[in-house]
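Architecture at a glance
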Amino acid sequence: MMRQIAGSFAQYEKCRLVSKLRAARERKRATGKCEGRKSHVEVNPDLVREAKRLRRRSPKGHQRSLRDMYQPNWRALDM
């Protein structure tokens, strides 16, 4: 009989805790994101913007500097 009473109290306590946490999650969701990891956009938006820019077929800007970095100017070395 004591085990049944202790089990019913444990079940009641778990049910109460689950409902309390569910209500808290729903309140938090109303204001924004509450579960899971933060996305890369939330953590570092500049990095995501740069990655998207570089992913384009012809990224604007840094083309000449990247080409020079990977293809050295051999005329300058023939001195």
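Note: the structure precedes this text.
The text that follows walks through the structure, step by step, so that each part is easy to find. All values reported here derive from a predicted model rather than from experimental measurement.

With that settled, consider the overall build of the protein chain. When you go through the protein chain residue by residue, the secondary structure sums to five helices and zero strands. Helices and strands in the protein chain line up, N terminus first, as α-α-α-α-α. Burial statistics for the protein chain: of 79 residues in total, 4% are counted as buried. Just so you have it, the protein chain exposes about 8,300 Å², and 56% of that area is on carbon and sulfur atoms.

A few words now on the pattern of salt bridges. All chains considered together, the criterion is met by three salt bridges. In this structure, the salt-bridge partner of Arg-49 is Asp-46, at a minimum N-O distance of 3.0 Å. A residue pair is termed a helical-turn pair when its members lie 3 or 4 positions apart in one helix, as Arg-49 and Asp-46 do in helix H3 (residues 45-55) at three residues.

With that settled, the discussion passes to a nonpolar patch on the surface. On the surface, a cluster of nonpolar side chains totalling about 660 Å² of accessible area is made up of Met-1, Met-2, Ile-5, Phe-9 and Tyr-12. The topology assignment puts Met-1 in the segment before helix H1 (2-31). The class for Met-1 is exposed, based on a relative accessible area of 77%.

Thresholds applied
- Residues numbered from 1 in each chain as written.
- Predicted model: local features only at pLDDT ≥ 70, side-chain atom pairs only at ≥ 80, totals over all residues.
- Heavy atoms only, no water.
- Helix = DSSP H or I, 4+ residues; strand = E, 2+ residues; numbered from the N terminus.
- Buried < 20%, exposed > 50% of the residue type's maximum accessible area, 1.4 Å probe, protein only.
- Areas by Shrake-Rupley, 256 points an atom, 1.4 Å probe, with all protein chains shown as cover.
- Salt bridge = Lys/Arg side-chain N within 4 Å of Asp/Glu carboxyl O.
- Patch = residues over 30% accessible without salt bridge, like charges linked within 9 Å, V, L, I, M, F, W, Y side chains within 5 Å.

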